[in-house]
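Examination of the molecular architecture
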Amino acid sequence: MARFNTQLVHGIAVEDNATGAVNPPIYNSSTFAFSSVDDIPRWDYARSGNPTREFLERQIAQLEHGVRGFAFSSGLAAIHASLSIFAPGDRIVVGDNIYGGTYSQIHEFFDRWGLKFEVVDTQDLAAVEAALRGNGVPAKALYFETFTNPLLQVNDVAALSELAHRYNAVVIVDNTFVTPYLQQPLDLGADVVLHSATKYLAGHSDVVAGLAVAGSDELAHRLYFAQNRLGGVLPPAESDSVRKGLQTLALRLDRQQENAARVAEFLQENPLVSSVHYPGTGIRGKQELTDKGVKGAGGVLAFEVAKGVNPSVILNNLHVFRLAVSLGAVESLAELPCRMTHFEIPREERLKLGITDELIRLAIGIEDADDLVEDLRQAFALADKELEDESAERSVPVLR
Ligand code: PLP
């Protein structure tokens, strides 16, 4: 069988055309003709299936080592479908450090539909087990992100899956921040893998897409029903954009990780930075990644500015980094989680999770690392100057 990097480039043909085209065709057809009324065609209506989407769905199933893949019109649509397979009254244990939009979908949408969520720190296995066990009624699912967002804690997929399976809970893992290039959660025991393919998988900030992969036929059946009946499918052109992005995933991530390590090093030595959150930092960090079955640290990091430093001055003065949400693309982005990606989480709760008002998240691209470091250096210099000006103002008596 072809190896991972070859699978990224070639995928698995859906055997739909004999033209010899090296790229799978984009079928802009919402409906497909029956040869007769007795026919059961392979494709009949594009919400149920389309060859361009199917190519991507087969490919992500192959890359994530699952039985079947599903492409959705966004990451949140994939999450919606995966949570919709549960019934009112079912209890779901959720990691406490998750994307703000997922937090909102859970607490402001699914709560109203009768799912019961219990939020836990997924770094604390004893707390996870207690939540899974419940008061005599075990949870039906455990949901978490492989690297937490935005603090980049490394969740232990194997340990968490083993715990969840003791209680027959379905393990649903959002692998957006890690990608199958660095970890395949189904191999570590997870049951469903999700992606905001908008991020690393598409990789060019030009498409919004979601993917789900089922690890068993039974879950595939339930996910297919959810995909087809909720209907948030990925259109053909967007399916092809994600496929094209996947072809360079490994090359992009290699460079992103190299650049991120350089930026992390710069931040660690910067007196205006009080803490850096980047997995795999130092010998202990590297060992943690190895122990938890992750092959790399990814291209996202977060840091807190020191007391008194205004994070907005840094963010507003970056020129190579763009001030934008999202991550995983070729260009570097910077953002303030408390105002941007995680604004949905009430401040008090956010602070308890460690997502402070001073936390900046960087999504590193494939530019020259020197340009990224220089960009940060000049923005820090401006923040430093503002700090100096302010303290000078405070120490000079005001004469009237
Ligand atoms: N999961 C994670 C970890 C994310 O970061 C995001 C978006 O930022 C989503 C899911 C939602 O994906 P989408 O924006 O494609 O709907």
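As the structure is a prediction and not an experimental result, all values here were calculated from the model. (Residues numbered from 1 in each chain as written. Predicted model: local features only at pLDDT ≥ 70, side-chain atom pairs only at ≥ 80, totals over all residues. Heavy atoms only, no water.)

1. Quick word on the side chain of R252
To keep things clear, this is the line we draw: By the criteria applied, helices consist of DSSP H or I runs no shorter than four residues and strands consist of E runs no shorter than two, each listed in order from the N terminus. Contacts described as polar in this section are N or O atom pairs within 3.5 Å, which, within protein, must combine one atom able to donate a hydrogen with one able to accept it, while residues neighboring in sequence count only if both atoms come from side chains. Whether two residues are in contact is decided by their heavy atoms: any pair within 4.5 Å suffices.
Looking at where R252 falls in the secondary structure, it is placed in helix 10 (residues 249–268). Within the local environment of R252, its side chain forms a polar contact with the backbone oxygen of G245, the two atoms lying 2.7 Å apart. When neighbours within four sequence positions are excluded, R252 is seen to be in contact with Y200, L201, A202, G203, H204, G245, L246, G328, V330 and I366.

2. Re the confidence of the model for the protein
Rules: Along the chain, pLDDT gives the predictor's confidence residue by residue, from 0 to 100.
Scored by pLDDT, the protein has a mean of 95; 99% of the residues are at 70 or more. The element-level mean pLDDT for the protein is lowest in helix 11 (residues 282–291), coming to 90, with strand 7 (residues 210–214) highest at 99.

3. Overview of the nonpolar core
Convention followed: Residues enter a nonpolar core if they are buried and are Ala, Val, Leu, Ile, Met, Phe, Trp, Tyr or Cys, with the set joined through side-chain atoms within 4.5 Å. For the exposure calls, accessible area comes from a 1.4 Å probe over protein chains only, and a residue counts as buried if that area is under 20% of its type's maximum, exposed if over 50%, partly exposed in between. As used throughout, domain bounds are those supplied by an automatic or database domain assignment.
Counting residues in hydrophobic clusters, the biggest one holds 89 residues, and the most contacted among them are L132, V242, V263, L267, L301, L362 and F380. A total of 8 residues in this core trace back to one element, the largest contributor, which is helix 10. A domain-level breakdown of this core finds at least three residues from each of domain 1 (4–247) and domain 2 (250–395). Not counting chain neighbours up to four residues away, the residues in contact with L362 comprise V263, L267, G299, V300, L301, F303, F321, L333, A334 and L376. In this structure, L83, I85, Y143 and L219 belong to the second largest nonpolar core, which totals 30 residues.

4. Some points on the packing of helix 3 (residues 75–83) against helix 4 (residues 100–109)
If you want to describe how two helices pack, look at the angle between their axes and the distance between the axes. For the record, the criterion: As a rule, the C-alpha atoms of each element are fitted with a line to give its axis, helices using only the stretch in contact, and angles between N-to-C directions run from 0 to 180 degrees. Should an angle fall under 35 degrees it is taken as roughly parallel, and over 145 as roughly antiparallel, whereas 65 to 115 is taken as roughly perpendicular and any remaining angle as oblique. Helix crossings get a hand from a simple test, with the near helix turned counterclockwise from the far one by less than a right angle marking a left-handed crossing and a clockwise turn marking a right-handed one.
Packing of helix 3 against helix 4 leaves a shortest axis separation of 10 Å and a crossing angle of 40°. It follows from the interaxial angle that helix 3 and helix 4 lie oblique. As for the relative orientation of helix 3 and helix 4, their crossing is right-handed in sense. Here L76, I79, H80 and L83 of helix 3 come into contact with helix 4, specifically with G101, T102, Q105, I106 and F109.

5. Some thoughts on the pattern of salt bridges
How we decide: Think of a salt bridge as a Lys or Arg side-chain nitrogen and an Asp or Glu carboxyl oxygen that are within 4 Å of each other.
Under the criterion given, the structure shown has 14 salt bridges. Note that R347 is salt-bridged to D357, the shortest N-O span being 2.5 Å. Within this pair, whereas R347 is found in helix 13 (residues 347–353), its partner D357 is found in the loop between helix 13 and strand 12 (359–363), the two being separated by 10 residues in sequence. Given a relative accessible area of 47%, R347 falls into the partly exposed group. Three or more residues joined by partner-sharing salt bridges are found here, namely R42, E54 and R58.

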